[in-house]
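A look at the structure
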Amino acid sequence: MGRHQPPRPLAAGDVVALYSEALGAWSASQVTGIDAAAKCAAVLELDWSGPEPAAVADLGDVRPLRLTHHSWGGTLSYWNHGWVLPRSFTVIGSLLPLVTEPSGAYASVWGRGEQLARQRHWDSGDRGDWNAPHSLTCTAEELAAEHARDAVRSDVKHLTVRRITRLDCARLVAVFPNLTRLSLSGNLGTLTSAAALNRLPRLQGLTIRELFEMDAADCLLPRHVPEMEEVSLYGIPAGYAAAMRKAWRPQVRHGVQLDVHGARKPEWVAASAANPLRDWGGREHIPRAGYRKAVAQYEATRDAFLAEVTGGEHCGSIAEIGRAFAAAFNALDSRSSFIETVEREELFDALDFLAEEAQTAAGRDLSAARAALIEGVESSRDW
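Here goes a summary of the coordinates provided. Everything numeric in this text was worked out from a predicted model, so none of it was measured. (Residues numbered from 1 in each chain as written. Predicted model: local features only at pLDDT ≥ 70, side-chain atom pairs only at ≥ 80, totals over all residues. Heavy atoms only, no water.)

What follows is about the packing of helix H6 (residues 288-310) against helix H7 (residues 315-336). Orientation of H6 relative to H7, taken along the N-to-C sense of each, is 175 degrees, at an axis distance of 10 Å. Judged on the interaxial angle alone, H7 and H6 are roughly antiparallel. Taken together, the residues of H7 that come into contact with H6 (itself represented by Gly 290, Lys 293, Ala 294, Gln 297, Tyr 298, Thr 301, Ala 304, Phe 305, Glu 308 and Val 309) are Ser 317, Ile 318, Ile 321, Ala 324, Phe 325, Ala 328, Phe 329, Leu 332 and Arg 335. Of the residues that constitute the contact of H6 with H7, the class distribution is 12 nonpolar, four polar and three charged. (Axes fitted to C-alpha atoms, helices over the stretch in contact; angles between N-to-C directions. Helix = DSSP H or I, 4+ residues; strand = E, 2+ residues; numbered from the N terminus. Parallel < 35°, antiparallel > 145°, perpendicular 65-115°, else oblique. Contact = heavy atoms within 4.5 Å. Nonpolar A, V, L, I, M, F, W, Y, C, P; charged D, E, K, R; others polar.)

Its location among the elements puts Gln 115 in helix H1 (residues 114-123). Other than its neighbours up to four places away in sequence, Gln 115 contacts Glu 45, Leu 65, Leu 67, His 69, Trp 72, Ser 77 and Trp 79.

Axis separation between H7 and helix H9 (residues 367-380) bottoms out at 7 Å; the angle between their running directions is 40 degrees. With respect to their mutual orientation, H7 and H9 come out oblique. Note on packing geometry: the crossing formed by H7 with H9 is right-handed. For the pair H7 and H9, the contacting residues are Cys 315, Ile 318, Ala 319, Ile 321, Gly 322, Arg 323, Phe 325, Ala 326 and Asn 330 in the first and Ala 368, Ala 369, Ala 372, Leu 373, Gly 376, Val 377, Ser 379 and Ser 380 in the second. (Left-handed = near helix turned anticlockwise from the far one by under 90°.)

Moving on to helix H8 (residues 341-362). A rise of 1.5 Å per residue sets the reference length of H8, with its 22 residues, at 32 Å; its end C-alpha atoms lie 32 Å apart and thus fit the reference within 8%. Within the sequence span of H8, burial applies to Glu 343, Glu 346, Leu 347, Phe 348, Ala 350, Leu 351, Leu 354, Ala 355 and Ala 358. On the buried face of H8, the contacting elements are H6, H7 and H9. Within two residues after H8, Gly 363 carries a phi angle of roughly 70 degrees, on the positive side. (Expected span 1.5 Å × (residues − 1). Buried < 20%, exposed > 50% of the residue type's maximum accessible area, 1.4 Å probe, protein only.)

Another aspect to go through is the sheet that holds strand E13 (residues 257-264). Within a sheet, neighbouring strands are paired by backbone hydrogen bonds and run either parallel or antiparallel to one another. With parallel pairing, six strands are arranged side by side in an open sheet as E8-E9-E10-E11-E12-E13. Here the strands that pair on one side only, and so sit at the sheet edges, are strand E8 (135-139) and E13. The sheet shows a mean angle of 10 degrees between the axes of neighbouring strands, direction not considered. Where strand E10 (residues 181-192) meets strand E11 (residues 205-212), seven bridges bridge the pair, whose relative direction is parallel. Looking at the pairing, Ser 185 lines up with Arg 209 of E11. (Pairing = 2+ DSSP bridges.)

Take a look at the structure:
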């Protein structure tokens, strides 16, 4: 494998096929170009599905897939992907590229027939949302309710769980034994028994975001999940990240897309647990200096609020703390104008966080104090 060649052999004109769970049949795409510098492949999805093809001739009169569902307006289903041809895709031959213009769209993973399934759903006259078969998307709280039913869900193949605070992977595997794709995300949440994911032999894709307490012993191993072709990890413990890189880097040449970044050391996790503005760090439109000052102001506000509620709770003084918080962020925003809708909501979430923290420390209801704090902010904020 050369530096200027894809890990799996791939060239412009190649037609690739795979079995699509979305369609319950095989689908096909054409690679129209390879960008060696960017390590990207331009991939055009074809308007075809059927039994497993042995050669391009089995596809008949092939044509590009044009999307007219929802607001696509006849756009080609044409994307730039990473040039690692996934393990489940097979090159069945080559044709002159059906389009020659480059694609301006990018997607992190190769399409597996989902767009064709959506288009056919639309063409049938059904204008409702199409949902992938055998898929379940839920929050961690909703998943807990699913667990409470104590029933095995063998029908679920794609599982997405969001807003995880704590999740037992051993329990998850017991309830969903046939997963092919699993996406788990939280915000400094905890995964326990992560090694149990090795008991999902059909797993093809794993995504983990902002979850912790896994270590090297929890590493997912290629010999246990031989069909794996996508490993995407962000915001995970450094030891777990290193073990996963070591285990999966040699598999890239066999068709595994590996993306591991945002590895965090224990010190970062400990510091971030008390910083509800941690996501601002590195956000493109927020200056580094602005982030540092924002965190410092939050900490000063938290300390002042804690001192007030543990020393007598005078709502007038607490409202003044809120006004000072608003004024500080007015000044920060006037310099670089980075507080947009999302950041505004996150600032109020941060105030809720410190009020909950103070209530736990004080051991009593602080609803009045929280209301006074918010009232002070609202009376003075420009953002």
